[in-house]
Amino acid sequence: MADVWQTAMDHAVGAARRAGQVVREALQDDRKVMTKSSSVDLVTQTDQKVEQLIIQSVKEKFPTHRFIGEESVAAGESCVLTDAPTWIIDPIDGTTNFVHAFPFVAVSIGFSVNKQVEFGVVFSCLEDKMFTARRGKGAFCNGEPLQVSDQEDIKQSIIATEFGSSRDPDAVDRIFSSLRNVLCIPVHGVRGAGTAAINMCLVASGCVEAYYEIGIHVWDIAAGSLIVSEAGGVLMDVDGGPLDLMSRRIVAANSRTIAERIVREIDAFGPPRDDEPLRR
Ligand SMILES: O=P([O-])([O-])O[C@@H]1[C@H](O)[C@H](O)[C@@H](O)[C@H](O)[C@H]1O
Ligand SMILES: [Mg+2]
Ligand SMILES: [Mg+2]
C-alpha cells in the first residue's frame with residue numbers, strides 16, 4: 001500500500017537539510033542573542049528565520065497542515081496537539097550550543113496525525129548526520145539502519161541527561177537529586193550533548209543506553225521519540241507511565257529494564273504542560 005505520508009517525510013528531510021545549511025552559515029557570523037522565559041533561555045534570529053523557512057516551505061506544499069513551532073509558540077501561537085496533520089518543529093535544538101559554537105546542534109521536525117508521530121527527522125547539522133524514522137519502517141542515520149544498545153545491565157551503561165533551562169532552586173535541587181541517584185547506581189557515566197534531539201539519536205544509535213529529562217518541550221522530543229522507538233527502544237514518562245508528548249517529561253531507553261531502573265531514581269516533578277498556555 002502506498003505510504004500517504006512519504007511525500008511529507010521527503011519534504012521534511014529536504015527542509016531540514018536546507019535549514020541546517022542556514023544554521024552552519026550563521027555560525028560564521030556574529031550571533032545576536034535574545035532571551036525568552038529567563039536569562040538562560042536563549043533565542044537568536046537564526047532560530048526564528050529557520051523556523052519561518054521551514055513553515056513557509058511546508059505551507060506551500062501542504063496548505064491544510066498545522067504547526068507547532070518553538071519560536072511561533074514563543075511569539076504567542078497556541079501549542080495544542082490535535083488529530084490534524086501537524087508539523088512539530090524545533091528550528092535549532094541546542095540554541096545554547098549554537099550561541100557558544102559548542103558543536104552539537106540539530107534541526108528537529110516531527111509530524112503527527114491523530115496525535116501519533118508518523119515520522120521524525122533530526123538533522124545534526126554540524127556532524128552532517130541525517131536521522132530519520134517512519135512509523136513501522138525503522139530508524140536510519142544517513143540511510144544506515146539504527147539499533148539501540150543491547151546492554152541490559154544499568155551498571156554497564158551510559159545515561160544522557162540535561163540540566164535544562166530552569167534555574168528555579170527547587171527544580172534544580174530535584175534535577176541534582178535524580179542525577180546523584182543515577183550516578184551512584186553506579187553507572188559507567190552520565191553525558192549530555194546539549195540537545196534533547198541529539199541525545200535521543202544517541203540512544204537510537206546505541207551510544208548511550210538511555211536519556212531522561214524533565215523540562216523539555218514537545219518540539220524537542222517529537223521527532224527523536226519516533227527515532228528511538230523505531231530503533232528498538234522504549235519511551236515512558238519519568239513516573240513509569242506512558243509517554244505524554246505534552247507533559248515535558250521523558251525517559252527514552254534501549255529497553256524497558258533500563259528505563260524502569262532509571263524511573264526508580266528520578267525525583268519526578270511536573271513543570272507546566274506545553275498545552276497549558278496560561279501557565280507557560
Ligand atoms: O531551546 P532548545 O535549544 O531548542 O532546546 C533545549 C535543548 O534540547 C536542551 O538540551 C534541553 O536541555 C532543553 O530542555 C531544551 O529546551
Ligand atoms: Mg529544543
Ligand atoms: Mg530550539
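Residues numbered from 1 in each chain as written. Chains lettered and ligands numbered in written order. Predicted model: local features only at pLDDT ≥ 70, side-chain atom pairs only at ≥ 80, totals over all residues. Heavy atoms only, no water.

## Observations concerning the side chain of Ser149
Turning to step 1, where the next piece is worked out: Inspection of the secondary structure puts Ser149 in the loop between β9 (144–145) and β10 (158–161).
Turning to step 2, where the next piece is worked out: In this structure the side chain of Ser149 is engaged in a polar contact, spanning 3.0 Å, whose partner is the backbone nitrogen of Gln151.
Turning to step 3, where the next piece is worked out: A distance of 2.6 Å separates polar atoms of two side chains, one belonging to Ser149 and the other to Glu209.
Turning to step 4, where the next piece is worked out: Those residues in contact with Ser149, other than ones at most four positions away along the chain, are Gly206, Glu209 and Asn254. (Helix = DSSP H or I, 4+ residues; strand = E, 2+ residues; numbered from the N terminus. Polar contact = N/O pair within 3.5 Å; in protein donor to acceptor, adjacent residues only side chain to side chain. Contact = heavy atoms within 4.5 Å.)

## Points about the coordination of the magnesium ion (ligand 3)
Tetrahedral coordination by four donors places them ideally at 109.5 degrees to one another around the metal; octahedral coordination by six donors ideally gives 90 or 180 degrees.
Turning to step 1, where the next piece is worked out: In the first shell of the magnesium ion (ligand 3), the protein supplies Glu70 (OE), Asp90 (OD) and Ile92 (O), at 2.0 to 2.2 Å from the metal.
Turning to step 2, where the next piece is worked out: Here the donor residues of the magnesium ion (ligand 3) are spaced in sequence according to E-x19-D-x1-I. (Donors = N, O, S within 2.8 Å, 3.2 Å for Na, K, Ca; no water.)

## A few points about the coordination of the magnesium ion (ligand 2)
Turning to step 1, where the next piece is worked out: For the magnesium ion (ligand 2), the protein coordination sphere consists of Asp90 (OD), Asp93 (OD) and Asp220 (OD), at 1.9 to 2.0 Å.
Turning to step 2, where the next piece is worked out: Motif for the magnesium ion (ligand 2), donor spacing along one chain: D-x2-D-x126-D.
Turning to step 3, where the next piece is worked out: The distance between the magnesium ion (ligand 2) and the magnesium ion (ligand 3) is 3.5 Å, with Asp90 acting as a donor to both metals. Of this pair, Asp90 sits in strand β4 (residues 86–93) while Asp220 sits in helix α7 (residues 218–230); the two residues are 130 residues apart in sequence, bridging distant segments of the chain.

## Comments concerning the packing of helix α6 (residues 196–205) against α7
Turning to step 1, where the next piece is worked out: Relative to each other, α6 and α7 sit at 5 degrees, their axes nearing to 8 Å. One way to sum up the angle between α6 and α7 is to call them roughly parallel. Touching Ala196, Ala197, Met200, Cys201, Val203 and Ala204 of α6 are Asp220, Ile221, Gly224, Ser225, Ile227 and Val228, all from α7.
Turning to step 2, where the next piece is worked out: A breakdown of the residues in the contact of α6 with α7 according to their chemical character gives nine nonpolar, two polar and one charged. (Axes fitted to C-alpha atoms, helices over the stretch in contact; angles between N-to-C directions. Parallel < 35°, antiparallel > 145°, perpendicular 65-115°, else oblique. Nonpolar A, V, L, I, M, F, W, Y, C, P; charged D, E, K, R; others polar.)

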